[in-house]
Amino acid sequence: MDTVFSKNGLAKYALEAGLIVFSVLLALFLDQALTERRELQAVDELVGHIAGEISENLVIVNKWLPYHESVIVKIDAHLASPELQKNLINKTGINYFVLMEDGFLQDFYSVSAWQLAMQSQMISKLDFDTKRKISKGYYSQEYVDGTLQRLIDFTFSRDAMDKAQLVHSLTLLRRLMQELVGQEYILRRNYQEALAGINK
């Protein structure tokens, strides 16, 4: 007779209990592994978007850096020539577009993938060095954006439009453009390092 307390009955229940515990642990393990796999796929996808965004931003900086350097050359030529300075003066003040026919920047740097990464906290799953390089690139971009805003604010300020202060205004514009160019060189280097860190 097989009762619950017999040797065979107890072994049978112990085996069933063991199988149930094993099944639950296996299910938990598989669920955890699947969750980690999905998170890694999401992080890989996000890093791909960041790499694409940085690549697009690198194209922009490579396009505008030589243009900004050429603006500095034009400013220098106008500072050296009172005759050329006359070309900058019009009825309303000073026409800075003679120096920069394409304005300051027609393309804008993107930050949407980076912002998404920061909001989702998925960036925390990257190794420290890669995360540092990506952050450095985007923070360099903030400096460039700030200098561009200062340039725009300057050229539309009352003092910058004053014909009597043309040489002073050109000198200030040159300094701001030099700052922008320097920041763009740093931005380009930081973008390249970020891409190298992502692609390693």
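Just so we're clear, the structure is a prediction, and the values are computed from it rather than from any experiment. (Residues numbered from 1 in each chain as written. Predicted model: local features only at pLDDT ≥ 70, side-chain atom pairs only at ≥ 80, totals over all residues. Heavy atoms only, no water.)

Caption draft 1: Spatial organisation of the overall build of the protein chain. Across its full length, the protein chain holds six helices and two strands. Along the protein chain, from the amino end to the carboxyl end, the secondary structure elements read α-α-β-β-α-α-α-α. Against the globule reference of 16 Å for 200 residues, the protein chain gives a C-alpha radius of gyration of 31 Å, more extended than a compact globule. Across its three principal directions, the C-alpha atoms of the protein chain cover 120 × 30 × 20 Å. Counting every position in the protein chain, which comprises 200 residues, the buried fraction comes to 34%. Contacts in the protein chain between residues far apart in sequence, at least 24 positions, make up 83% of those at least 6 positions apart. Distance between charge centres in the protein chain, computed from 21 positive and 25 negative side chains, equals 3 Å. (Helix = DSSP H or I, 4+ residues; strand = E, 2+ residues; numbered from the N terminus. Rg over C-alpha atoms; globule rule 2.2 N^0.38 Å. Buried < 20%, exposed > 50% of the residue type's maximum accessible area, 1.4 Å probe, protein only. Contact = heavy atoms within 4.5 Å. Lys, Arg positive; Asp, Glu negative; His and termini not counted. Charge placed at Lys NZ, Arg CZ, Asp CG, Glu CD.)

Caption draft 2: Representation of the side chain of Ser140 within the structure. Along the chain, Ser140 falls in helix H4 (residues 128-155). Exposure remark for Ser140: the relative accessible area of 9% places this residue in the buried category. Polar contacts involving the side chain of Ser140 include one to the main-chain carbonyl oxygen of Lys136, which spans 2.8 Å. Sequence-distant contacts of Ser140, defined by excluding residues within four places in its chain, comprise Ile186, Leu187 and Asn190. (Polar contact = N/O pair within 3.5 Å; in protein donor to acceptor, adjacent residues only side chain to side chain.)

Caption draft 3: Fine view of the nonpolar core. Ile50, Ile54, Tyr96, Tyr109, Ile134, Leu173 and Met177 are the most contacted members of the largest nonpolar core, which has 47 residues in total. If you list the elements that add at least two residues to this core, you get helix H1 (7-80), helix H3 (112-120), H4 and helix H6 (166-199). If one sorts the elements of this core by residue count, H1 sits on top with 15 residues. In contact with Tyr96, other than residues within four places in its own chain, are Phe154, Thr155, Ala160, Met161, Ser169, Leu170 and Leu173. (Core = buried A, V, L, I, M, F, W, Y, C linked by side-chain atoms within 4.5 Å.)

Caption draft 4: Local environment of a nonpolar patch on the surface. On the surface, Ile20, Val21, Val24, Leu25 and Leu28 cluster together to form a nonpolar patch covering roughly 480 Å² of accessible area. When you line up the elements, Leu25 lands in helix H1. (Patch = residues over 30% accessible without salt bridge, like charges linked within 9 Å, V, L, I, M, F, W, Y side chains within 5 Å. Areas by Shrake-Rupley, 256 points an atom, 1.4 Å probe, with all protein chains shown as cover. Salt bridge = Lys/Arg side-chain N within 4 Å of Asp/Glu carboxyl O.)

Caption draft 5: Summary view of the confidence of the model for the protein chain. Per-residue pLDDT for the protein chain averages 88, and the proportion of residues at 70 or more is 96%. Mean pLDDT in the protein chain bottoms out at strand S2 (residues 93-94), which sits at 84, and peaks at H6, which reaches 95. (pLDDT = per-residue confidence, 0-100.)

Caption draft 6: Spatial organisation of the pattern of salt bridges. On inspection of all chains with the given rule, the structure shows nine salt bridges. Between Lys74 and Glu101 there is a salt bridge, with the nearest N and O atoms lying 2.8 Å from each other. Here Glu101 lies in the loop between S2 and H3 and Lys74 lies in helix H1, a separation of 27 residues in the sequence. What makes Lys74 partly exposed here is its relative accessible area of 26%. A salt bridge links Lys86 to Glu83, with the nearest nitrogen and oxygen atoms 3.6 Å apart. Among the residues examined, Lys86 registers a relative accessible area of 55% and is labelled exposed. Salt bridges sharing partners connect three or more residues here, namely Asp129, Arg132 and Lys133.

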